[in-house]
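Tertiary structure, described
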Amino acid sequence: MPAPVGFVRKLRALQRIVRPAGARAVALALLLKLAKKVAPELSMPRYRCAYPKHAQKSIDSIADFLAKHPLEEAAYFLSCVYAVLCDPTERRELAMYFTPPKLARHIIEGVQLQTSTFCEQRFLDPACGGAAFLLPVATILRDSLRKRGVPPRELVRIVNRQIAGVEKDATLAELCRQFIRIALADELTACRQELGEIVTIGDALECFTRKKLAPVNILLCNPPYRKISANELAWYRQRFPEVIAGQPNLYTMFMRAASGLVVPGGLIALLTPTSYFSGPTYERIRAHYTRHCGILRIDLIHERDNLFLGVEHDVAALLARRRLTPAPRQAPAVFAWNEVGGWASLGAVELPRDEGPWHLPRDVTSADALVKSKRQCASLQDYGYKARVGVYVWNRDKRRVRKARPKGRDRKIAVPVVWATHIGQDGRFRFVSRTHKEKRARFILLRPGDRRGVIERDCVLIQRTSSRAQRRRLVAAAPRRGFAKRHGGFVGENHIIILEPILDRPLVPRHMLTRLLNSEFIRDLYSTTTGTTAVTTAGLRALPLPDPRLLKELVGRRHSLKQAIRTAFGARTTNKHSNMDDAKATAP
Ligand SMILES: C[S@@+](CC[C@H](N)C(=O)[O-])C[C@H]1O[C@@H](n2cnc3c(N)ncnc32)[C@H](O)[C@@H]1O
């Protein structure tokens, strides 16, 4: 749900006037204005809302905007206002990015399908933010209880007993509780009974490890996500040793806690990045879930579909049921969000029952390809290439650098440095430096007897990082034939990956491999098998590729590369995204 342009403009204007210290005051002022408009009879707390006088107009205008929206949407936008006004470091630290109401409702509906007694269950969101999950759950409960004619006092008591949240940020915790109060305004005013605390302010992981949270039947959560820093690691390692490997992401600790916070048979619905689908860092959390839960459903949302304000990676909603014994089979139903068609079913996908990677399709086309690729697929190695990361790190490498190829004695020991920006988005390689940093180090002088990281053969180059702004995740290019030989080799900068031939004649020539990697189809498969925006050598090694001989033969028979990839993978009809295929980009 992209935010309406008008709202974003108002928010940006407010951000220019209000400092992070005023974020709470503005959020609470907006809350009071919203409550006054949608639930005028509800008594609200008296907050101290000190914000700059000249912010009044913007605040009034946002308040009008909020009042025009249904409560769940207003709550979402108000939480976003608060998060945007907060200090950006704090926002990142807590991951204040909220679940859009449409997605939260979809996740809750998935849960409803798994239980016939939804309204009798106890619910917990251990990172409840602006009530993205707790508010709709409270509304569903309220409506069902009203329908049954339950008196207001009893209704408030039931909501008190069945809904709980934890939130580290005190303002969000307050907003969350007040949004639920607004939803129950009629009952609260009719029975003059107050809603309980509902939301505990604090660190949910700490509460979990100290056993301060009672297990519930249904846990819903969009946990905070960020890399755990090196100095925090010891704390987490002590408390979550069974899921820590390497330097994991915070959300996996919440995943671990979630499985301990539901009773056996209880349901866990988690909206998280997809990075845990693959890679050694997440082996333990995958193993934990496949051993202790039945994975029922996975909804995939690709970052290009832009459902979240400010999120730059693929996310997935996982629905699992806690089990006391391992499930005999893990075959969740997989769905993918598509802006045009809504949720598309990709069928049931068999997952490994151990720590193995979860290879999930991205869309209908890659679903076919993936099924086939599981049975027969080739790897980069079968193609005759190995992947290695460029060794040159500009601020660490002590070797001397030059702006141009030197003359005289140094000429023989100078080799070019290839930077990520030399690999064009259009799939072409251009040895043209743009930034000061790159211009300063166009050439590096090798030390006697030290040819560390020097590439001497014709190869294919790939950018190692990518972002949402980038059209394609895999961006590959092949330097002109003889580039390495002519210069006596070259050194790759640390943000590129070099695919070097390991055979005298690789099965697939460089230009074909470049186009293959640049094709949207393979890019989608790459995302499917890795789930991160980063391009890694491990990800490239695990990338399923079509049979190289068949691919070459099909291209030789005048199939376009796009057709050849699909035929080689046995994929069926295309969808909107895959139609945009294919490497318009070409290599020299
Ligand atoms: C990704 S947001 C999701 C919020 C909300 N559940 C939603 O879906 O919109 C994560 C929330 O967790 C909160 N948070 C971060 N670390 C936390 C912790 N250790 N314990 C409890 N809440 C935390 C943040 O303040 C933020 O509101």
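Analysis parameters
- Residues numbered from 1 in each chain as written.
- Predicted model: local features only at pLDDT ≥ 70, side-chain atom pairs only at ≥ 80, totals over all residues.
- Axes fitted to C-alpha atoms, helices over the stretch in contact; angles between N-to-C directions.
- Helix = DSSP H or I, 4+ residues; strand = E, 2+ residues; numbered from the N terminus.
- Parallel < 35°, antiparallel > 145°, perpendicular 65-115°, else oblique.
- Contact = placed C-beta atoms within 7 Å.
- Nonpolar A, V, L, I, M, F, W, Y, C, P; charged D, E, K, R; others polar.
- Near = placed C-beta within 6 Å.
- Buried ≥ 20, exposed ≤ 12 C-beta atoms within 10 Å, placed from the backbone.
- Core = buried A, V, L, I, M, F, W, Y, C linked by C-beta atoms within 7 Å.
- Domains from an automatic or database assignment.

Remark: helix H2 (residues 23-38) packs on helix H9 (residues 170-183), axes separated minimally by 11 Å, with the N-to-C direction vectors making an angle of 0°. The angle between H2 and H9 falls in the class roughly parallel. Here Arg24, Ala27, Leu31, Ala35 and Val38 of H2 come into contact with H9, specifically with Thr171, Leu175, Gln178 and Ile182. Partitioned by chemical class, the residues of the contact of H2 with H9 number 6 nonpolar, 2 polar and 1 charged.

With that out of the way, let us pick up the site of the ligand. Inspection of the region around the ligand gives 23 residues, with Phe98, Ala127, Gly129, Ala132 and Asn222 positioned closest. Where the shell around the ligand is concerned, the elements lending two or more residues are strand E2 (163-167) and helix H11 (204-209).

Another point: unusual backbone geometry. Positive phi outside glycine occurs at Ala95, with the angle close to 55°. Its location among the elements puts Ala95 in the loop between helix H5 (88-94) and helix H6 (101-112). For Ala95, a count of 19 C-beta atoms within 10 Å translates into the label partly exposed. One non-glycine residue, Lys211, lies in the positive phi region at around 55°. Mapped onto the elements of the fold, Lys211 is located in the loop between H11 and strand E4 (216-221). Judged by the 9 C-beta atoms lying within 10 Å of it, Lys211 falls in the exposed class.

Core analysis: the largest hydrophobic core is formed by 118 residues, its most contacted members being Val26, Leu30 and Leu78. Considering every element that reaches this core, the biggest residue donor is helix H4 (residues 71-85), with 11 residues. Three or more residues apiece are contributed to this core by two domains, here domain 1 (1-86) and domain 2 (87-112 + 121-360). Beyond its immediate sequence surroundings of up to four residues, Leu30 is in contact with Ile59, Ile62, Ala63, Leu66, Leu78 and Val81.

Examined against the element boundaries, Val156 turns out to sit in helix H8 (residues 152-162). A count of 24 C-beta atoms within 10 Å places Val156 in the buried class. Ignoring anything within four residues of it in the chain, the contact list for Val156 reads Leu184, Glu187, Leu188, Cys191, Gln193 and Leu195.

So, on to helix H14 (residues 283-292). Of the residues making up H14, those classed as buried are Arg284, Ile285, Arg286, Tyr289 and Thr290. The inward-facing, buried residues of H14 abut helix H13 (250-260), strand E6 (293-301) and strand E7 (315-322).

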